[in-house]
Amino acid sequence: MPVVEETYDIVVVGAGHAGCEAALAAARLGFETIMFTVSVDSIALMPCNPNVGGSSKGHLVRELDALGGEMGKNIDKTFIQSKMLNESKGPAVHSLRAQADKQEYTRSMRRVLENTDHLTIRQAEIAEILTEEIPGEYGTFKREHEGQQESSYPVKKRIVGVKTYSGAVYRCRAVVLATGVYLRARCIYGDVSNPTGPNGLQAANHLTDSLKANGIEMYRFKTGTPARADKRSIDFSKMEEQFGDKRVVPFSFSTDPESIQKEQISCWLTYTNEETHKIIRGNLDRSPLYSGMIEGTGPRYCPSIEDKVVKFADKNRHQVFIEPEGLYTNEMYIGGMSSSLPEDVQEEMYHSVPGLEHAKIVKNAYAIEYDCINPRQLYPTLEFKKIKGLFSGGQFNGSSGYEEAAVQGFMAGVNAAREVLGKEPIILDRSQAYIGVLIDDLVTKENHEPYRMMTSRAEYRLLLRQDNADLRLSPIGHEIGLVSDAMYERVLWKEKMIEEEAKRLQKK
């Protein structure tokens, strides 16, 4: 039976934050790249919290920008509130966080992708990876900074392409898997289990079997999201108003600070109470988290409200942030109260919170389970040890968060391109970047829950500040070919000005 068959240099599977950065990096380096997604409407989707950055995550976005990534530029164009966190502490932990207009963030990133040379976007589900045997080849990985001996892993296969569910074949020289939370996804609340991805989007139900058949070890993880409420039904007079910074600092080093000073939208703070906790405790037997209905392991550092009430029984209240989803909608994100409790319990629980007594729920909270990999199957280049030319990034690697996904996608895309070129890969050390810490933790440590970046994970955090990310990483971005000469000249000028001022101060 005749099928479509095409050839590209690099295939990217998935169009979330990891897939977008991988595809842009590869295409901008001149490689014919095709990016697959189950829905073009899900490109750069923000299915959970409506923000970019935050503690340590803001560092990742700044580092990504310094290397030539897109996330920082995109949030600068689409934010509705911006705030520098931890300003009462030292500069090493200052972290930028911006509320996004979710729909505009997606639209803006899609415009960039659609107008990038060498990049094709295709709506289709990838069902198989195509490989061929390469007997006698060995891959090596040497961890010199830990004094370990060189290890060799037999490379039994190399990637030659992918096949869609419809049977179309796309030949290529490298593949980046960035499937996010879509592999065999199911959304769960109470005894309701829907076989869908986030926001009711189609799950990807076929690729897992192909990966397992190629010897890839899979995990089952879980994350969750809170309910959304209609703004018109919320009593903000019972909440504390949260303002953005009077002077907005951009995420991207290329953004003119004057161009982004604008009127900002407020967020709001309220709290759970003993009544809320009583409702939750009284219905734990109906929670799929505790009934055994949920198999996957959830994120320790972003727990559901059920987990908070059980694990922090001494706390009589927990913070709840009410955040706008964007300028286009009245939906408000109820941050801090993700849940998988039944629908009727959710209604009662949310209505017990000051200001939400009469809130009308637009979308129920739910947990989502999905397949991901054991990331210790990867080199620090994010290439699979057993399959040459197969790379991966994002939540598929067992991490959590938009920012963690974006930086992994970028590094996987860059190294896939360098693999095709036959160039040495780019590996960031833990002393160079938070990105180096993140990837090193993933590929070398036991990881039985979704990994989240935190400042405490970085041994060199006093040096790895967000404000010097350009000085640390722009030379690497320029070498890769993703930081322009003009931008690199600005970094060299900044470095020179700092050196001259330090010399001037030493003379006094």
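Residues numbered from 1 in each chain as written. Predicted model: local features only at pLDDT ≥ 70, side-chain atom pairs only at ≥ 80, totals over all residues. Heavy atoms only, no water.

## Details of the pairing of strand E23 (residues 366-373)
- For E23, the tally of buried residues reaches eight of eight residues, placing the bulk of the element in the interior.
- What you see with E23 is no split at all: Tyr366, Ile368, Tyr370 and Cys372 on one side and Ala367, Glu369, Asp371 and Ile373 on the other are buried throughout.
- Taken together, the eight bridges between strand E16 (residues 218-225) and E23 define a ladder with antiparallel strand orientation. The residue of E23 that forms the bridge with Thr223 is Ile368. (Buried < 20%, exposed > 50% of the residue type's maximum accessible area, 1.4 Å probe, protein only. Helix = DSSP H or I, 4+ residues; strand = E, 2+ residues; numbered from the N terminus. Pairing = 2+ DSSP bridges.)

## A look at the environment of Lys77
- With respect to the helices, strands and loops of the structure, Lys77 is situated in helix H3 (residues 71-78).
- For the pair Lys77 and Ile260, spaced 183 residues apart in sequence, the C-alpha to C-alpha distance is 7.7 Å.
- Every residue in contact with Lys77, bar those within four places of it in the chain, is listed here: Glu70, Ser108 and Val112. (Contact = heavy atoms within 4.5 Å.)

## Comments concerning helix H1 (residues 17-28)
- Compared with an ideal rise of 1.5 Å per residue, which puts twelve residues at 16 Å, H1 spans 16 Å between its outermost C-alpha atoms and is within 8% of the ideal.
- Of all the twelve residues making up H1, eleven are buried; the element is thus mostly covered by neighbouring parts of the structure.
- Taken together, the buried positions of H1 are His17, Ala18, Gly19, Cys20, Glu21, Ala22, Ala23, Leu24, Ala25, Ala26 and Ala27.
- Just past H1, the residue Gly30 takes up positive phi, approximately 95°. (Expected span 1.5 Å × (residues − 1).)

## Examining the packing of helix H2 (residues 57-67) against helix H12 (residues 469-480)
- Two elements in contact, H2 and H12, have axes separated by 7 Å at closest approach and are oriented at 40°. Where H2 crosses over H12, the two elements pack in a sense that is right-handed. Of the residues in H12, those touching H2 at Arg62, Glu63, Ala66 and Leu67 are Ala469, Asp470, Arg472, Leu473, Ser474, Ile476 and Gly477.
- Considered class by class, the residues forming the contact of H2 with H12 number five nonpolar, two polar and four charged. (Axes fitted to C-alpha atoms, helices over the stretch in contact; angles between N-to-C directions. Left-handed = near helix turned anticlockwise from the far one by under 90°. Nonpolar A, V, L, I, M, F, W, Y, C, P; charged D, E, K, R; others polar.)

## Topic: the packing of aromatic side chains
- On inspection of all chains with the given rule, the structure shows four aromatic pairs.
- Judged by centre distance (4.8 Å) and plane angle (75°), the rings of Phe36 and Tyr170 are edge-to-face. Pair noted here: Phe36 is in strand E3 (residues 33-37) and Tyr170 is in strand E12 (residues 169-171), with a separation of 134 residues, a long-range link.
- Taking the relative accessible area as the measure of exposure, Tyr170 reaches 1% and is therefore buried.
- Feature note: the residues Tyr8, Phe36 and Tyr170 constitute an aromatic cluster, connected by ring pairs.
- Directly above the ring of Phe253 sits Arg62, whose terminal nitrogen or CZ lies 5.0 Å from the centroid. (Phe/Tyr/Trp six-rings, centres within 6.5 Å; stacked < 30°, edge-to-face > 60°. Lys NZ or Arg CZ within 6 Å of the ring centre and 35° of its normal.)

## Observations concerning the environment of Val13
- Within the secondary structure, Val13 is located in strand E2 (residues 10-13).
- Using a relative accessible area of 7% as the deciding quantity, one classes Val13 as buried.
- Note: C-alpha distance between Val13 and Gly30 (17 residues apart in sequence) is 19 Å.
- Val13 has contacts with Phe36, Ile126, Val175, Val176, Leu177, Ala178 and Thr179, leaving out every residue within four places of it along the chain.

## Describing the sheet that holds strand E13 (residues 174-177)
- Read from one edge of the open sheet, five strands run E7-E3-E2-E13-E25, paired in parallel fashion. Of all strands in the sheet, those bounded by a partner on one side alone are strand E7 (119-123) and strand E25 (390-392). Ignoring strand direction, the axes of neighbouring strands in this sheet form an average angle of 20°.
- Of the strands in this sheet, E2, E3, E7 and E13 are in contact with H1, which crosses E3 at around 165°.

## Thoughts on the pattern of salt bridges
- Enumeration according to the criterion identifies 35 salt bridges in this entry.
- One salt bridge in this structure joins Asp9 and Arg173, with 4.0 Å as the shortest N-O distance. Highlighted residues: Asp9 in the loop between strand E1 (5-7) and E2 and Arg173 in the loop between E12 and E13, separated in sequence by 164 residues.
- Judged by relative accessible area, which is 18%, Asp9 ranks as buried.
- Here Asp441 and Arg430 are joined by a salt bridge, their closest N and O atoms 2.7 Å apart. With Asp441 in helix H11 (residues 434-444) and Arg430 in the loop between helix H10 (402-421) and H11, this residue pair connects regions lying eleven residues apart in the sequence.
- By relative accessible area, which is 9% here, Arg430 ends up buried. (Salt bridge = Lys/Arg side-chain N within 4 Å of Asp/Glu carboxyl O.)

## Some remarks on unusual backbone geometry
- Although it is not a glycine, His118 sits at a positive phi angle of roughly 75°.
- Inspection of the secondary structure assignment puts His118 in the loop between helix H4 (102-114) and E7.

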